[in-house]
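Coordinates in review
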Amino acid sequence: MIGIILYLVIMVALIAGMWKAFEKAGEPGWACLIPIYNIIVMFRIGGRSDWWAILIPFYNIYVLWMLSQSTAENY
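The rules behind each value
Residues numbered from 1 in each chain as written. Predicted model: local features only at pLDDT ≥ 70, side-chain atom pairs only at ≥ 80, totals over all residues. Heavy atoms only, no water. Helix = DSSP H or I, 4+ residues; strand = E, 2+ residues; numbered from the N terminus. Buried < 20%, exposed > 50% of the residue type's maximum accessible area, 1.4 Å probe, protein only. Contact = heavy atoms within 4.5 Å. Lys, Arg positive; Asp, Glu negative; His and termini not counted. Charge placed at Lys NZ, Arg CZ, Asp CG, Glu CD. Phe/Tyr/Trp six-rings, centres within 6.5 Å; stacked < 30°, edge-to-face > 60°. Polar contact = N/O pair within 3.5 Å; in protein donor to acceptor, adjacent residues only side chain to side chain. pLDDT = per-residue confidence, 0-100. Core = buried A, V, L, I, M, F, W, Y, C linked by side-chain atoms within 4.5 Å. Expected span 1.5 Å × (residues − 1). Arc of directions from axis to C-beta.

Moving on, we get to the overall build of the protein chain. Broken down by element type, the protein chain carries three helices and zero strands. Traced from its N-terminal end to its C-terminal end, the protein chain shows the element sequence α-α-α. Reported as C-alpha extents along the three principal axes, the dimensions of the protein chain are approximately 40 × 30 × 20 Å. Put simply, the protein chain has 75 residues, and 21% of those count as buried. In the protein chain, the share of contacts with a sequence separation of at least 24, taken over all contacts with a separation of at least 6, comes to 24%. Here the protein chain holds 4 positive side-chain charges and 4 negative ones, and the gap between their average locations is 3 Å.

Below, the structure is given as structure tokens:
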């Protein structure tokens, strides 16, 4: 039971953080709740094209690293 509560607290904190980050970037906050769409929005925030989301299954470590770098630069 404690594990479930801890998991829910962590998930709420992650969703709240993504929601605020999306709003700070000028995107709608609710976009962080939709699984594939939130990655596409993150690419927009990072200044990358939407088609980079197609590369995630093939080059996931590299693409997600590039996403995190470009997002950090834009913030």
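Overall, the coordinates contain two aromatic pairs when judged by the stated rule. For the pair W30 and Y37, a centre-to-centre distance of 5.9 Å together with 15° between the ring planes defines the contact as stacked. By relative accessible area, which is 27% here, Y37 ends up partly exposed. On the numbers, 5.6 Å between centres and 35° between planes, the contact of W51 with W52 is tilted.

Relative to the assigned elements, T71 resides in helix α3 (residues 60-74). The exposure class of T71 is buried, given its relative accessible area of 8%. For T71, the side chain forms a polar contact with the main-chain oxygen of L67, separated by 2.7 Å. If we ignore the near neighbours within four places in the chain, the residues touching T71 are M42, I45 and G46.

Another aspect to go through is the environment of G47. Mapped onto the elements of the fold, G47 is located in the loop between α2 (35-45) and α3. Residues G47 and S70, spaced 23 residues apart in sequence, show a C-alpha to C-alpha distance of 6.8 Å.

Detailed reading of predicted coordinates is not advised where the pLDDT is low. In this model, the protein chain carries a mean pLDDT of 90, and residues with pLDDT of at least 70 account for 100%. Mean pLDDT across the elements of the protein chain bottoms out in α3 (87) and peaks in helix α1 (residues 2-24) (95).

Moving on, we get to the nonpolar core. Residues F43, W52, I56, V63, M66 and L67 constitute the largest nonpolar core, which totals six residues. Take this core: its biggest share by element is three residues, from α3.

Moving on to α3. The end-to-end C-alpha distance of α3 is 21 Å, a good match for the 21 Å that 15 residues give at a rise of 1.5 Å each. For α3, the full list of buried residues reads V63, M66, L67, S70 and T71. Burial along α3 is one-sided: seen end-on, the buried residues are contained in an arc of 130°. Residues of α3 that are exposed and angled more than 90 degrees away from the buried face: I61, A72 and E73. Summarising the contacts, the buried residues of α3 are in contact with α2.

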